Amino acid sequence: SRHKKGLLEEECVMLAKMMTSVPECFKLYGYRSGDEETKAREEKEILDNFALVFTYIEPRNFQDIFGSRMQQLYEYMVDNAAALTIPQRFLAYPNISKFFADILLNFLVKKLPNLSVSEETEAEQKTISRLFKMVFASVQIMTVENEPVLKLHLSSIVHGCIRHSTSSEDPINWLNLLRALFKSLRGGKYDLSCKEFVPLLVPVLEALTKLLRSPHGVANRDLLIELILIVPARPSTILPHLAKYHIKAIIAALQAGNDLVVSLGLTTLEFWIDNLQPDFLASALEPVEKDLMTELWRLLKPSVGQYRQPVLRTLGKLGGRNRRIASELHAVKCREIPEARIGLLLSWTDGTELKVDVDTVAETCVSIILDRVEDDRKKFAVLEKRAAFE
């Protein structure tokens, strides 16, 4: 019966004292003799058992104990990374997971300024990032219980990261935190979070685009492009802003040197081609069509051949649009390499063989066509196609 009613006041006081005193005792593991692997294993075991004690108490008692003592636990985790197993345990237990997630997020949002890059606070930066990621992971595992908790803090996390990113000399930690958040909410099953993100979409896209054009954009270009392309919003929400933000980010992704970002750009482009009406797609692509086609054709070069299959598939889905502006594309500069000329070896049953220089045959065909065709438009078309191989 006591379990249903919760702990007595003196029992709560005793657990609260244990919570603040026991971590000091754990520091003794740092002074024990023996190999590091054995010490680390024993320390993790005792930390797991310590966390396990609090998973059996009533949620209201749990909130009373940890609601006002997170700073002490936090300082212990900063000093000893092994102690991160404690919040990991709390978030894994269904009976207290959402209560601890709320306590932890309330605490972490106030710590966002501490993600500023500094060698002196490197341990604290890593601790904050790992704690946030633990909460995000718990939402994926226990969506029904923990997503409503994340929804309450989503705006504060996003606004905090954007605000600090735009005012800091090095925004990398806040941008990485945004990426972890956005990735955890992808997949279409987080309705509450997607709805909460709707009013944040335009300010976030605008801020990320400005960062991309700023000096910060040079060092964090790939990360900023990725963030624009993976914002946790439904396609119907992104659609009105497709031409202004998303399509331009896709072109920037195709220009990136990072294979993952290029692949993300191709995947996103193919998604929109598959799901948009041709007329709407045409209006969205029209302002940047030349740049987009230039990048797609560039990815077909032998030097970047790993993208040939998805690029060809995308060009095929675009239909005639991929050839409509071919005459406007920038000329490709090529270097003549005699040994790279294409040749065919023809053989007959009697053993006779003939080596044919395909380049020479092509030139002969072009000359014959130009001599016999009187229509200037057809001549221009032939010269245009030949120019592509020169």
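Along each chain, numbering runs from 1 in the same order as the chain's sequence is written. Side-chain atom pairs in this predicted model are given and counted only at pLDDT of 80 or more, local residue features only at pLDDT of at least 70, and totals for whole chains, interfaces and linings cover all residues. Only hydrogens and water are set aside; all other atoms, that is, all heavy atoms of the structure, feed into the side-chain values.

I'd like a description of the packing of aromatic side chains, backed by residues and values.
Put simply, two rings from Phe, Tyr or Trp (the six-membered ring, in Trp's case) pair if the centres are within 6.5 Å, and we call them stacked under 30 degrees between planes, edge-to-face over 60, tilted for the rest. Considering all chains together, one arrives at 13 aromatic pairs under this definition. Judged by centre distance (6.4 Å) and plane angle (85°), the rings of Phe66 and Phe100 are edge-to-face. Placement of the pair is Phe66 in helix α4 (residues 59–67) and Phe100 in helix α7 (residues 97–110), with a sequence separation of 34 residues. Summary of the burial criterion: residues with accessible area below 20% of their type's maximum are buried, those above 50% are exposed, and those between are partly exposed, where the area comes from a 1.4 Å probe applied to protein chains only. Residue Phe66 is classed as buried on the basis of its relative accessible area, which comes to 1%. On the numbers, 5.1 Å between centres and 75° between planes, the contact of Phe90 with Phe100 is edge-to-face. In this pair, Phe90 sits in helix α6 (residues 85–92) while Phe100 sits in helix α7, placing the two residues ten residues apart along the sequence. Judged by relative accessible area, which is 0%, Phe90 ranks as buried. Under the relative-accessibility criterion, Phe100 is labelled buried at 0%. The helix and strand labels rest on DSSP assignments: H or I over at least four residues marks a helix, E over at least two residues marks a strand, and numbering proceeds from the N terminus.

Give a description of the side chain of Asn146 that names residues and reports values.
Turning to its location among the elements, Asn146 is positioned in helix α9 (residues 143–167). Side chain to side chain, Asn146 and Ser138 meet in a polar contact 3.0 Å long. Non-local contacts of Asn146, meaning those with residues more than four positions away in its chain, are made with Ser97, Lys98, Ser138 and Val139. Between N or O atoms, a polar contact is any pair within 3.5 Å; within protein, one atom must be a potential hydrogen donor and the other a potential acceptor, and residues adjacent in sequence are included only when both atoms are from side chains. Here, two residues are considered to be in contact whenever any of their heavy atoms come within 4.5 Å of each other.

Give me the lowdown on the pattern of salt bridges, citing residues and values where you can.
Any carboxyl oxygen of Asp or Glu within 4 Å of a side-chain nitrogen of Lys or Arg constitutes a salt bridge here. In total, this model carries ten salt bridges according to the counting rule given. In this structure, Lys183 engages Glu226 in a salt bridge whose closest nitrogen and oxygen atoms are separated by 3.5 Å. Remark: Glu226 occurs in helix α14 (residues 221–229) and Lys183 occurs in helix α10 (residues 172–184); sequence separation between them is 43 residues. When its relative accessible area of 45% is taken as the criterion, Lys183 is described as partly exposed. The exposure class assigned to Glu226 is buried, which follows from its relative accessible area of 12%. A salt bridge links Glu295 to Arg298; the nearest nitrogen and oxygen atoms lie 2.8 Å apart. Here Arg298 and Glu295 lie together in helix α19 (residues 289–298), a separation of three residues that amounts to about one turn. With relative accessibility at 11%, the residue Glu295 sits in the buried group.

Can you lay out the pairing of strand β2 (residues 353–357) for me, pointing to particular residues and giving the numbers?
One ladder, built from five bridges, connects strand β1 (residues 343–347) with β2; its direction is antiparallel. Directly across from Gly343, in β2, lies its bridge partner Asp357. A pair of strands is labelled paired if DSSP reports no fewer than 2 bridges between them.

Lay out the side chain of Ser138 in plain terms, naming residues and giving numbers.
Within the fold, Ser138 resides in helix α8 (residues 122–141). For Ser138, a relative accessible area of 4% corresponds to the buried category. Discounting residues that sit within four places of it in the chain, Ser138 has contacts with Leu91, Thr143 and Asn146.

How would you summarise the nonpolar core if you had to cite specific residues and measurements?
We define a nonpolar core as any set of buried Ala, Val, Leu, Ile, Met, Phe, Trp, Tyr and Cys residues linked to one another through side-chain atoms lying within 4.5 Å. With 105 residues, the main nonpolar core has Phe54, Phe197 and Leu296 as its most contacted residues. The biggest single contributor to this core is helix α16 (residues 242–254), with nine residues. Residue contacts for Leu296: discarding those within four places in its chain leaves Leu254, Leu266, Leu269, Val311, Leu315 and Leu318.

Go over the environment of Leu47, please, and point to the residues and values.
Following the sequence through the fold, Leu47 ends up in helix α3 (residues 36–54). Distance from Leu47 to Leu84, taken between C-alpha atoms, is 9.1 Å for residues 37 residues apart in sequence.

Please provide a residue-by-residue account of the environment of Leu242, values included.
In this structure, Leu242 sits in helix α16. Overall, Leu242 belongs to the buried group, its relative accessible area being 1%. When the C-alpha positions of Leu242 and Leu285 are compared, they lie 9.3 Å apart, and in sequence the two are 43 residues distant. Setting aside residues no more than four positions away along its own chain, Leu242 makes contact with Ile247, Trp272, Leu276, Phe280 and Ala284.

Which residues make up helix α5 (residues 70–79), and what values do they have?
The complete set of buried residues in α5 reads Met70, Leu73, Tyr74, Tyr76 and Met77. Burial along α5 is one-sided: seen end-on, the buried residues are contained in an arc of 160°. Of the surrounding elements, those touching the buried residues of α5 are α2 (9–26), α3, α4, α6, α7 and α8. As used here, the arc is the angular range of directions from the helix axis to the C-beta atoms.

Run through the packing of α9 against α10, naming residues and quoting values.
Two elements in contact, α9 and α10, have axes whose closest approach is 9 Å; the angle formed by their N-to-C orientations is 150°. If you check the angle between α9 and α10, you find them roughly antiparallel. Considering how the two elements wind past one another, α9 and α10 form a crossing that is left-handed. Listed contacts from α10 to Leu150, Leu154, Ile157, Val158, Cys161, Ile162, His164 and Ser165 of α9 are Trp174, Leu175, Leu177, Leu178 and Leu181. By the convention adopted, Pro, Cys, Tyr, Trp, Phe, Met, Ile, Leu, Val and Ala count as nonpolar, Lys, Arg, Asp and Glu as charged, and the other residues, Gly among them, as polar. When its residues are assigned to classes, the contact of α9 with α10 shows eleven nonpolar, two polar and no charged. Think of each axis as a best-fit line through the C-alpha atoms, taken over the contacting stretch in the case of a helix, with angles from 0 to 180 degrees between the N-to-C directions. By definition in this entry, angles of less than 35 degrees are roughly parallel, angles greater than 145 are roughly antiparallel, angles of 65 to 115 are roughly perpendicular, and the rest are oblique. Crossing handedness follows the turn of the near helix against the far one: under a right angle anticlockwise gives a left-handed crossing, and clockwise gives a right-handed one.

Tell me about the confidence of the model for the chain, and please be specific about residues and values.
One confidence number per residue, pLDDT, is output by the predictor and ranges from 0 to 100. Confidence in the prediction of the chain, expressed as mean pLDDT, is 84, and 88% of residues score 70 or more. For the chain, helix α1 (residues 2–5) is the element with the lowest average pLDDT, namely 48, and α7 is the one with the highest, namely 95.

Please provide a residue-by-residue account of α19, values included.
One full turn of an α-helix is made of 3.6 residues, so residues set three or four places apart face in the same direction. Of all the positions in α19, only Glu289, Leu292, Met293, Glu295 and Leu296 are classed as buried. Each buried residue of α19 sits inside an arc of 160° when the element is viewed along its axis, so together they form one side.

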